[in-house]
Amino acid sequence: MSSVIQLNRLTRNFGSLRAVDQVSFEVERGAIFGLLGPNGSGKSTIIRMLCGVLQPTGGSAHVLGFDVAHDAEQIKRQIGYMSQSFSLYSDLSVRENIEFYGRIYGLSPEKLEQRFQEIIELTSLGDRLDQLAGSLSGGWKQRLALGCALIHEPQVLFLDEPTAGIDPVARRDLWDLLFDLAGQGVTLFVTTHYMDEAERCSDVGYIYDSRLIVCGKPDELKHLPSVTPEGTARFEIETVDPATKLATFRELDGVQDATLFGQTIHVLADQRLSETDLLQQIEEERETAQIRPITPSLEDVFVTLSRAEGLNHSDIDRSTQTPVEVCPKPTSPKSPESEIVSEDQLIRKKPAPTRASLMAGFWAILVKEFSHVRREPATLLFVFAVPVLQTIIFGFAIDTQIENIPTVIYDLDGRSSARELRDTFANTRTFQIIERVFDEDAFHYALQSGKAKVGVIIPPDYSDRLLRGEQVSVQVLIDGSDSQVATTALNASNLLGLNLSTQMAKQFAETLPRVPARDAQGAAALPLEVRPRLLYNPDLESSHFFVPGLVGIILQLVTLFLTSFAIVRERELGTLEQLFVTPVSKSGLMLGKLVPYALIGFVETLIVLTVMVFFFGVPIHGSLWELLVLSLLFLVCGLGLGMLVSTVSRTQLQAVQFAFLIMLPSVLLSGFMFPRSQMPLPIYLFTFIIPVTYFLEILRGIVLRGADITDLLPHIAGLTLCCIAIIGISLKRFQKQLS
Ligand SMILES: Nc1ncnc2c1ncn2[C@@H]1O[C@H](COP(=O)(O)OP(=O)(O)OP(=O)(O)O)[C@@H](O)[C@H]1O
């Protein structure tokens, strides 16, 4: 028999914590090796190192002859891994999960079909193929996880607490499956807390506080002298309410140790004491208790050895202490290729036919991502309906033209000149006369209650003064609480006063021998006439300004949220760790995750542009192709931002928070709502690192002004630089995390 797994003083530290401390043992081909130990003792850390997803800090380990530190990729192709918690895709069906893993391992369609049938037969999942994995019961979930881990015919299967949380029947069924596999020559490496499962293993190791305490075949371990030292014997005592009597038994003369085992107590006592001698010491037990000699169970072995370890704990020089070893000791250093596995096994060792490449796993991930999107109606709504709604709502709701400001008039004159003034106010689109009041209290109440935002007081001598050729003051009170409305009212009332004054002045001027100037018809006129003309958006429709900007904002919103969520969700569910144990390449994983959302983002751009053109009547004056190409550039930027968010977020909630942190300046400072030129200098400078700033200039340039690439070069350069920086940083962080 040869070893397929070999650990030699394998060590792993997490900062100052030593999670695995110089662990050495070997596992033979076809064995069912059980690694036991309390919570936090280092079992999962050992498995993760053996699977090639965690680098050892010290020592070495080989799996199938490959060094875990250097040949992780070769190892991953030939092992299967079933993680502690269910880490398959809950929103994919049983069939989709199995097929996904088949594709990840690069199985050809024919091979996948063949393996699929074999897996279904082995796991009896045939009746549940179209059921979503998330809706399976615990036992069936574990069967599915086992099926996925076996799809590529691994030679070694690592199972991290495979039966945790499932009922006894499902547990037994799963173990039957494991025995079948071992019978087929698959080596099984199982961690468990259950002693009955340990008894089923061909070999067991017990790890305590990061150190291997004992390792060997269950029967050999039970006969270890350190477990039942010479001159001692073990007894099982069946008594009523054993928990309350444990302390009494421990105190008995000749008893070295007593431990509770369910409804019984196991006692380690001097061999010279007979069963009756023991019971004689406690009066009330003499008649009722049953006592019999036993060989130690594995639990006895582990309890005894870990007690001994606990007692000696502080005195141990860990570098020199060796575990009680019964299993084969690794003899290092040796060439793994030549000595650990035989020649004939080396032939088997060759990876199953795979399409290994830089892009390994890309197709599998791409198909899977689309399945997620298809399964999630909420995502579909978010992707397709929300942008359209947003465009429509924003396009209508954000209207910077302020009209119909409610106005109250208090006319103390009431004659025809005053009426003319009232009509002038009424005829503008800016003011809307809602009320004419006749006393001062009503006037002030209208303003104070907020009914009116503007109040006009026409004085009693308005007409008289005009007739006398004297200057007359008309008071206009403006509610300043909404600065935008107030500014508009202020400008409009000033302009109204000026226009009216000019008209009156021109009438007087006609009677004079000389006037400041005359127009083409010879009438009196002002010497200077300014003729403004509005370009690109002559009607000053605010939708023309906002809707193109919305394309950029929505595009960033969707790509940012979807990408970051897709990656963080995978990490949160534990499926990312499951993927790392497969031969999926980093670039395959990354592109597989990004490409679907790039496509979705692009389709969205088309939808929002269509709404812009046909719903809001905003024509695209420039080149549509240029617009689409530059949108793609911006899209890459958005995906990069999504990836960046995913690298700093542990949970989906954190991802939302970080995504909002990015969206906020994108909406408020990019020029989408407020002109950048009016911002204080530090903030203005900050706007240059916001990608959407450049994209908005590009969008408005192409859509409204018909600008071409040369006109927009500075903005294109800015966007490109942002894109390179964001993608560079996020790729680096993402790659680092994958490593
Ligand atoms: N990525 C990590 N960073 C820091 N500490 C870690 C990390 N992974 C594990 N540890 C620590 O290493 C120790 C061993 O953890 P490990 O998960 O290997 O234990 P375990 O025996 O598998 O426990 P359980 O049975 O509860 O799964 C624990 O103290 C754990 O907190």
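All values derive from a computational prediction rather than experimental measurement.

Caption draft 1: Geometry of the overall build of the protein. Scanning the protein from N- to C-terminus turns up 28 helices and 21 strands. By the compact-globule yardstick of 27 Å for 739 residues, the protein is too spread out, its C-alpha radius of gyration being 41 Å. Looking at the 739 residues of the protein, the share that counts as buried comes to 49%. For the protein, the share of sequence-separated contacts (at least 6 apart) that also reach a separation of at least 24 residues comes to 74%. Total accessible area on the protein is roughly 35100 Å²; 57% of this is exposed by carbon and sulfur atoms.

Caption draft 2: Looking closely at the nonpolar core. In this structure, I98, Y101, L144, L146, L157, L188 and L579 are the most contacted members of the largest nonpolar core, which totals 61 residues. Composition of this core by domain shows at least three residues from each of domain 1 (3–219 + 334–346) and domain 3 (362–375 + 541–738). Ignoring any residue separated from it by four or fewer positions in sequence, one finds L188 in contact with A31, I32, F33, L157, L159, L178 and A182.

Caption draft 3: How the structure looks around the confidence of the model for the protein. Looking at the protein as a whole, the pLDDT averages 83, with 91% of positions reaching at least 70. Scored below 50 in pLDDT, residues 311–323 makes 18 contacts in the model with residues more than four places away or belonging to other chains. In the predicted structure, residues 330–356 sits below a pLDDT of 50 and forms 53 contacts with residues beyond four places in sequence or in another chain.

Caption draft 4: Inspection of the pattern of salt bridges at higher detail. Tallied over the full model, the rule gives 31 salt bridges. The residue K76 makes a salt bridge to E73 at a minimum N-O spacing of 3.4 Å. Separated by three residues within a single helix, K76 and E73 lie in helix α2 (residues 72–78), roughly one turn from each other. Assessed through its relative accessible area of 9%, K76 is described here as buried. Taking relative accessible area as the criterion, E73 reaches 36% and is therefore assigned partly exposed. The salt bridge involving D300 is made with R234; its shortest N-O contact spans 3.7 Å. Pair noted here: D300 is in helix α12 (residues 298–312) and R234 is in strand β11 (residues 232–238), with a separation of 66 residues, a long-range link.

Caption draft 5: Seen up close, the domain arrangement of the protein. Taken as a whole, the protein is organised into domain 1 (3–219 + 334–346), domain 2 (230–295), domain 3 (362–375 + 541–738) and domain 4 (405–525). Relative to domain 3, the C-alpha centre of domain 2 lies at a distance of 72 Å.

Caption draft 6: Summary view of unusual backbone geometry. The backbone of R9 shows a phi angle near 50°, a positive value even though the residue is not glycine. In this structure, R9 sits in strand β1 (residues 3–14). One non-glycine residue, E161, adopts positive backbone phi at about 45°. Mapped onto the fold, E161 is located in the loop between β7 (156–160) and α6 (168–183). In this structure E161 comes out as buried when scored by relative accessible area, which is 10%.

Caption draft 7: Representation of the sheet that holds β1 in the model. Spatially, four strands are ordered β2-β1-β4-β5 in an open sheet, and the strand pairing comes out antiparallel. This sheet does not close on itself; its edge strands, each paired only once, are β2 (17–28) and β5 (66–67). Sheet topology places strand β4 (residues 58–63) next to β5; two bridges connect them, and they run antiparallel. Pairing of V63 across the sheet is with F66, part of β5. Each of β1, β2 and β4 touches helix α1 (residues 43–50); the most contacted strand, β1, lies at about 120° to it.

Caption draft 8: Focus on the packing of aromatic side chains. Taken as a whole, this structure holds 17 aromatic pairs when the rule is applied. Aromatic pair F33 and F189: ring centres 5.2 Å apart, planes at 35°, arrangement tilted. Remark: F189 occurs in strand β8 (residues 187–192) and F33 occurs in strand β3 (residues 32–36); sequence separation between them is 156 residues. The burial state of F33 is the same as that of F189; both residues are buried. Taking 4.3 Å as the distance between ring centres and 5° as the angle between the ring planes, the aromatic pair formed by F634 and F695 counts as stacked.

Caption draft 9: The arrangement of the site of the ligand in detail. Near the ligand, the surroundings consist of 15 residues, among which G40, K43, S44, T45 and Q84 are the closest. In this structure, an oxygen atom belonging to the ligand sits 2.5 Å away from a side-chain N or O atom of T45. Within the side chain of H193, a nitrogen or oxygen atom sits 3.3 Å from an oxygen atom of the ligand. In isolation the ligand has 630 Å² of accessible area, and contact with the protein removes 64% of it. Those elements giving two or more residues to the shell around the ligand turn out to be β2 and α1. Broken down by element, the shell around the ligand gets its largest block of residues, four residues, from α1. In the shell around the ligand, the residues fall into four nonpolar, eight polar and three charged.

Caption draft 10: Local environment of α1. Across the eight residues of α1, six count as buried, placing the element largely inside the fold. Residues of α1 that are buried include every one of K43, T45, I46, I47, M49 and L50, and no others. Of the residues trailing α1, G52 is marked for its positive phi of about 85°.

Caption draft 11: Structural context of the sheet that holds strand β18 (residues 454–458). Read across the open sheet, the four strands follow the order β17-β16-β18-β19; overall the sheet is mixed. In the strand order of this sheet, the two ends are held by β17 (431–437) and β19 (475–478), each with one partner. On average, adjacent strands in this sheet sit at an angle of 25° to one another, irrespective of strand direction. In terms of strand pairing, strand β16 (residues 405–411) meets β18 through five bridges, oriented parallel. Its bridge partner lying in β18, I409 is registered against V456. Strands β16, β17, β18 and β19 of the sheet are contacted by helix α20 (residues 483–510), whose axis makes an angle of about 165° with β19.

Caption draft 12: Quick look at the side chain of H266. For H266, the position within the fold is in strand β13 (residues 264–270). Polar contacts involving the side chain of H266 include one to the side chain of D300, which spans 3.0 Å. Each residue touching H266, except ones within four places of it in the same chain, is listed here: F235, E236, D257, A258, T259, F261, I294, S297 and D300.

Reading the values: rules and limits
- Residues numbered from 1 in each chain as written.
- Predicted model: local features only at pLDDT ≥ 70, side-chain atom pairs only at ≥ 80, totals over all residues.
- Heavy atoms only, no water.
- Helix = DSSP H or I, 4+ residues; strand = E, 2+ residues; numbered from the N terminus.
- Rg over C-alpha atoms; globule rule 2.2 N^0.38 Å.
- Buried < 20%, exposed > 50% of the residue type's maximum accessible area, 1.4 Å probe, protein only.
- Contact = heavy atoms within 4.5 Å.
- Areas by Shrake-Rupley, 256 points an atom, 1.4 Å probe, with all protein chains shown as cover.
- Core = buried A, V, L, I, M, F, W, Y, C linked by side-chain atoms within 4.5 Å.
- Domains from an automatic or database assignment.
- pLDDT = per-residue confidence, 0-100.
- Salt bridge = Lys/Arg side-chain N within 4 Å of Asp/Glu carboxyl O.
- Pairing = 2+ DSSP bridges.
- Axes fitted to C-alpha atoms, helices over the stretch in contact; angles between N-to-C directions.
- Phe/Tyr/Trp six-rings, centres within 6.5 Å; stacked < 30°, edge-to-face > 60°.
- Near = heavy atom within 4 Å.
- Polar contact = N/O pair within 3.5 Å; in protein donor to acceptor, adjacent residues only side chain to side chain.
- Nonpolar A, V, L, I, M, F, W, Y, C, P; charged D, E, K, R; others polar.

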